[in-house]
Amino acid sequence: MLRTHTCGELRIQDVNKRVALTGWVQRLRDKGSLLWIDLRDRYGITQLFLEEGKSDPAMLQSARQLGREYVVRVTGTVAERLSKNDKIPTGAIEIKLESIEVLNKSKTPPFTIEDNTDGGDDLRMKYRYLDLRRSPVREGLQLRHKMAQQTRAYLDSLNFIEVETPVLIKSTPEGARDFVVPSRIHHGEFYALPQSPQTFKQLLMVSGFDRYYQIVKCFRDEDLRADRQPEFTQIDCEMAFITQEDILATFEGLVRHLFKTVKGIDMPSVPHMTYADAMKYYGSDKPDTRFEMKFCELTDIVKGKGFQAFDQASMAVGFCARGCATYTRKQLDELTEFVKRPQIGAKGMVYLRYEENGTLKSSVDKFYPPDELRKWVTACNAQPGDLILVLSGETDKTRKALGELRLYVASQLGLRDKNTFSALWVIDFPLLEWNEETSRYHAMHHPFTSPKREDLQLLDTAPGEIRANAYDMVINGTEVGGGSIRIHDRPTQQLMFNHLGFTEEEAKKQFGFLMEAFEFGAPPHGGIAFGFDRLCSLFGGADSIRDFIAFPKNNAGRDTMIDTPAAISQEQLNELGLDIQPEK
Ligand code: ASP
């Protein structure tokens, strides 16, 4: 080894040791007769020290020529620092240098390699290998490593085995478009990259593997959205001979194990909430439960008093913001503006202030005298000092809009602290979801999800009301994982495909292999997949998943460092039987 220690290792006990260190020059401070260098590697920063009159003059001179990010090997003796830095673990010592060897020079980096860099997003992405030298980004990847290790340890302890499934496959529907790979040998034919290993993990259950997992790359060609990556990683799992309760218990165990081992947090057991309740009380299928603010339905109380907006609405629903009766007119106007944004889509907002002194003051006093308003207070269980915010209109849209308002107000009130964690299972999702664009029902989770047996009779009359054996894990308002108990017999799977608009022929062509497998002794099975990048960013207290991925794509789906996607040569196109002209 070129070094005896790392740059994060030496402490006061090491004083007088002769050491050799290697690393990158982070900073040089030249005070004339005294010179300090901060030397950095993956483990930390160690201060190097030279002194005019004491250090070798030739070495002093070469030290003065060091640039930022030069790679050096130094030798010297550990000494106690006069002014200590208690912000870094090596802050009590410095190295009195005896030699400096430049292992490689560096151009001046395009941004500072510091925790708070001056580099913008684009520049950092283009020089990602430099960005990865910065502590916050490196720590993100270290956290990811630890999460992966602990995931494997937990699942291994429960007899799960990790099996790799292929990357060049045929389409698996998870609701997005496939990335496709043209075949050179079979012109006009294509592989698809997996949106998930769904069908393979089910086949592994038919094979008798019983408990499978894989930390696996998945690919989805979805529309660009901030913080979405075309390739991402899942902790993908499947179990046979289980009930839904077994799956929920096993993977609640995984999440609690991760919180314990990675963050030192003892997570309470994870409550279950039906999808119907999540929508009713939070206006979202991924409610943020770090705080209460449950919805209270006011429809029956407010109708018939002459206030048009409420009279015409199929739903009037509100929530109570604790201690917010002091909100000013300006603050309330701002909330109204918020709900009227096209993305939220409400027409307006009604408020009721329940002042500390008991006075009731609403934006619709004209229609609702105090004794009417008092009914709202009771319905919402409001206390003096609270503020009730109410939206109205079509049921689903109104609930969703109020859900957004709930999050917005909670953020304003500082109730969405990144270091507080609240997890829940949302269960009993609808099996099918109406799609306006295609005018037909789509599988809400995926077509392999089993319906609740008692709901199957609704298939022809009210398909939208059929509940599935499907569940999501939600932490702090983010869906971190989802799965289902699967169909494991051919007739039911065929029935599902029919209802999803596949002809028998199409279903056979695309999924014949799975349906055939179901005829060879398929055990009952089910599973789940966690979004690993998202889980890491949640544990890391970050908004973006990017810093938990070594080499991510930007928001336009590009890797600007290697410059891809990119055109390929005409020769390659010909070979692949794709006769389009490459773009210049
Ligand atoms: N394959 C599903 C997904 O990627 C997860 C599952 O059902 O296990 O969302």
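You'll find the structure just up there.
Each residue is numbered by its place in its chain's sequence as written, counting from 1. Per-residue local features of the predicted model are confined to residues with pLDDT of at least 70, and side-chain atom pairs are confined, for both listing and counting, to 80 or more; whole-chain, interface and lining totals are unaffected and use all residues. With hydrogens and water set aside, each side-chain value is computed from the structure's full complement of heavy atoms.

## Observations concerning the sheet that holds strand β20 (residues 470-475)
1) Next: One open sheet accounts for eight strands, arranged β6-β9-β10-β22-β21-β20-β17-β11; its pairing is mixed. Edge positions in the sheet fall to β6 (161-162) and β11 (272-274), since each of these pairs with one other strand and no more.
2) Next: Two strands are counted as paired when DSSP detects at least two bridges linking them. Numbering of helices and strands runs from the N terminus, with a helix taken as a DSSP run of H or I at least four residues long and a strand as a DSSP run of E at least two residues long. Pairing between strand β21 (residues 478-485) and strand β22 (residues 525-531): five bridges, direction antiparallel. Bridging across to β22, Gly483 finds its partner in Ile528.
3) Next: It only takes one pair of heavy atoms within 4.5 Å for two residues to be counted as in contact. The axes are straight lines fitted to the C-alpha atoms, using for helices just the contacting stretch, and the angles between their N-to-C directions are given from 0 to 180°. Contacts from helix α6 (residues 244-263) reach β10 (231-240), β11, β17 (423-427), β20, β21 and β22 within the one sheet, and its direction differs from that of β20 by about 20°.
4) Next: Sheet strands in contact with helix α7 (residues 275-282) are β11 and β17, and its direction is about 80° off that of β11.

## Regarding the site of the ligand
1) Next: Nearness here has a simple test: a residue counts as near a molecule or strand if at least one of its heavy atoms is within 4 Å of that partner. Around the ligand sit 14 residues in total, of which Glu174, Gln198, Lys201, His445 and Arg486 are the nearest.
2) Next: Side-chain polar atom of Ser196 to a nitrogen atom of the ligand: 3.3 Å apart, as the coordinates give it.
3) Next: Under this definition, polar contacts are N or O atom pairs within 3.5 Å; protein pairs additionally need one hydrogen-donor-capable and one acceptor-capable atom, and for neighbouring residues in sequence, both atoms have to be side-chain atoms. Here Ile528 contributes a backbone N or O atom positioned 3.4 Å from an oxygen atom of the ligand.
4) Next: Secondary-structure elements contributing two or more residues to the shell around the ligand are α5 (198-206), β21 and β22.
5) Next: Gly falls in the polar group here, along with every residue not listed as nonpolar (Ala, Val, Leu, Ile, Met, Phe, Trp, Tyr, Cys, Pro) or charged (Asp, Glu, Lys, Arg). Tallied by class, the residues present in the shell around the ligand amount to two nonpolar, eight polar and four charged.

## What about the pairing of strand β9 (residues 211-219)?
1) Next: Type-normalised accessible area, obtained with a 1.4 Å probe on protein chains alone, sets the label of each residue: buried when under 20%, exposed when over 50%, and partly exposed for intermediate values. Most of β9 is tucked away: seven of the nine residues are buried.
2) Next: As judged from the nine bridges shared by β9 and β10, these two strands associate in the antiparallel manner. If you follow Cys218 over to β10, its bridge partner there is Phe232.

## Here's the deal with the packing of α7 against helix α12 (residues 395-412)
1) Next: It is the contact of α7 with α12, at a shortest axis distance of 8 Å, that shows an interaxial angle of 65°. Judged by the angle between their axes, α7 and α12 are roughly perpendicular. Contacts between α7 and α12 involve Met279, Lys280 and Tyr282 on the former and, on the latter, Arg399, Lys400, Gly403 and Arg406. Small angles under 35 degrees read as roughly parallel and large ones over 145 as roughly antiparallel, with 65 to 115 read as roughly perpendicular and the rest as oblique.

## As for the pairing of strand β16 (residues 387-393)
1) Next: Taken across its seven residues, β16 has five buried, putting it largely inside the fold.
2) Next: Pairing between strand β13 (residues 315-321) and β16: seven bridges, direction antiparallel. When the bridges of β16 are listed, Cys320 appears paired with Ile388.
3) Next: Two elements, strand β14 (residues 350-354) and β16, share four bridges in a ladder whose sense is antiparallel. From the neighbouring strand, Leu352 faces β16, where its bridge partner is Ile388.

## Focus: the state of the cysteines
1) Next: Only a pair of cysteine sulfur atoms within 2.5 Å qualifies as a disulfide here. This structure, assessed with the given rule, holds one disulfide.
2) Next: Each disulfide pairs two cysteine sulfurs, and for Cys296 the partner residue is Cys380, the sulfurs being separated by 2.1 Å. Taking the torsion about the sulfur-sulfur bond, which here is approximately 85°, the covalent link between Cys296 and Cys380 counts as right-handed. Placement of the pair is Cys296 in strand β12 (residues 296-297) and Cys380 in the loop between α11 (370-379) and β16, with a sequence separation of 84 residues. With respect to class, Cys296 is no different from Cys380; both count as buried.

## Some points on the pattern of salt bridges
1) Next: Think of a salt bridge as a Lys or Arg side-chain nitrogen and an Asp or Glu carboxyl oxygen that are within 4 Å of each other. Here the structure, examined in full by the defined rule, presents 46 salt bridges.
2) Next: The closest approach of N and O atoms between Arg134 and Asp131, which form a salt bridge, is 2.7 Å. In this structure, Arg134 and Asp131 share a single accessibility class: buried.
3) Next: Across the salt bridge formed by Lys305 and Glu372, the nearest N and O atoms sit 4.0 Å from each other.

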